[in-house]
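Chain by chain, the residues:
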Amino acid sequence: MRSTLTDIARDSGVSTATVDRVLNNRAGVSNRTRTIVMDAAARLGYFGQTEPAIERIRLDFVLPEGTNTFIASLKAQLERQCASQDGIDYHLHAVEGFNPLSLAQKLASLRSVTQGVGLIALDHPAVREEMRALAEAGVKVVTLASDILHVARTGYIGIDNRAAGRLGGYLLGRLLPATPCKIALFAGSLSYRGHEEREMGFRHIISEEFRHLEIVQMREIRDDRQRAYEETTALLERHPDLAGIYNIGGGSSGIGRALEDRGRGKSVIFIGHELTENSKPLLLSGTMDAVIDQNPRVEAREAIGLLASAVRGKPFEIHPPRLQVIFRENIPEH
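## Some thoughts on helix α9 (residues 225–238)
For α9, built from 14 residues, the straight-helix expectation of 20 Å at 1.5 Å per residue is met to within 8% by its first-to-last C-alpha distance of 20 Å. Among the residues of α9, Ala228, Tyr229, Glu231, Thr232, Thr233, Leu235 and Leu236 are the ones counted as buried. Lining the buried residues of α9 we find β6 (181–187), β7 (213–220), β8 (242–247) and α10 (252–261). Its side-chain oxygen at 3.2 Å from the backbone nitrogen of Gln226, Asp224 defines the N-terminal cap of α9.

Structure (structure tokens):
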């Protein structure tokens with residue numbers, strides 16, 4: 001039979017009024033008394049049969065700082081979903097974007113304090129070495145959005161970036177006329193394997209199926225909006241007959257602003273990645289023709305689940321984010 005307030009009051013040595021305040025989380029009770037009452041209530045079975053306490057674990061996520069709105073969305077989702085789960089102490093860290101030594105130093109500092117690390121990894125010897133060191137120390141490591149091969153890791157959560165690049169090339173090729181046209185590529189940084197794979201996929205499908213398209217420029221803009229604006233402005237001056245742009249990474253708002261300022265928002269076919277607060281207005285205005293999206297909510301969910309399960313020694317079935325092409329007419333409500 002379930003215990004009563006009187007039973008709890010008798011066991012903890014306080015009044016039934018105090019027990020009532022504690023159980024209903026009202027003010028006017030010291031922390032020590034609150035602890036005594038809650039312990040007594042649990043011991044006497046007031047809360048009924050409960051599941052065994054979940055083992056508390058520590059997870060750390062290392063993301064690049066900067067203006068990339070996809071990274072900001074991923075960070076928000078990691079915070080929200082970690083906070084909603086029992087038994088997870090989580091910490092998010094921002095490191096200088098595109099600086100492998102900064103990333104490696106952060107990983108080294110976490111080696112002795114964490115049980116699981118999720119990171120957007122730069123493909124660099126220093127980063128690979130620290131990932132190996134984490135694995136040797138028993139820390140579970142999951143790469144997000146951009147993978148690194150040939151290092152010990154628990155898994156990768158993200159899209160097939162080579163397929164994403166081929167999809168970008170296919171969209172651009174189909175939307176442009178079947179006559180000789182000039183196109184350009186922008187990337188955040190090719191030190192992200194994911195960006196390198198997207199470029200490879202893009203170039204391959206252009207050479208296979210759309211040989212009438214000429215790639216006249218490839219620029220790394222480090223996901224920076226202002227740099228993207230300046231590079232696009234200079235590109236349009238050099239190639240006033242430019243017909244298409246594929247942006248592999250972030251900074252699409254800068255590209256879009258340059259196209260609009262030059263009166264080219266409707267005449268240049270513009271394909272980019274990630275539906276964000278910056279890319280959505282570009283789609284609605286017609287400056288951006290299509291967005292290849294990966295859902296940061298799904299990516300955060302799968303990364304947290306995989307890391308937590310690996311730390312606790314439990315199996316986990318991964319359901320990775322899927323590639324989705326979004327046009328103006330099918331923008332999701334949320």
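Moving on, there is more to tell.
## Some thoughts on the packing of aromatic side chains
Given two aromatic rings, their pairing is described by the distance between the two centres and the angle made by the two planes. Under the defined criterion, the tally for this structure stands at three aromatic pairs. Ring centres of Phe98 and Tyr192 lie 5.4 Å apart, and the angle between their planes is 65°; on these two criteria the pair is classed as edge-to-face. Within this pair, whereas Phe98 is found in the loop between β2 (88–95) and α5 (100–110), its partner Tyr192 is found in the loop between β6 and α8 (193–209), the two being separated by 94 residues in sequence. A relative accessible area of 14% places Phe98 in the buried class. The class for Tyr192 is buried, based on a relative accessible area of 6%. With 4.8 Å between their ring centres and 15° between their planes, Phe202 and Tyr246 make a pair best called stacked.

## As for the sheet that holds β8
Ordered by their spatial adjacency, six strands build an open sheet running β7-β6-β8-β9-β10-β11, and the pairing between neighbours is mixed. Both edges of this open sheet fall to β7 and β11 (324–326), since each of them pairs with a single strand only. On average, adjacent strands in this sheet sit at an angle of 20° to one another, irrespective of strand direction. Sheet strands in contact with helix α7 (residues 161–175) are β6, β7, β8, β9 (269–273), β10 (290–293) and β11, and its direction is about 165° off that of β9.

Quick notes on the rules
- Residues numbered from 1 in each chain as written.
- Predicted model: local features only at pLDDT ≥ 70, side-chain atom pairs only at ≥ 80, totals over all residues.
- Heavy atoms only, no water.
- Helix = DSSP H or I, 4+ residues; strand = E, 2+ residues; numbered from the N terminus.
- Expected span 1.5 Å × (residues − 1).
- Buried < 20%, exposed > 50% of the residue type's maximum accessible area, 1.4 Å probe, protein only.
- Contact = heavy atoms within 4.5 Å.
- Polar contact = N/O pair within 3.5 Å; in protein donor to acceptor, adjacent residues only side chain to side chain.
- Phe/Tyr/Trp six-rings, centres within 6.5 Å; stacked < 30°, edge-to-face > 60°.
- Pairing = 2+ DSSP bridges.
- Axes fitted to C-alpha atoms, helices over the stretch in contact; angles between N-to-C directions.

Any functional reading would require information beyond the geometric quantities listed.
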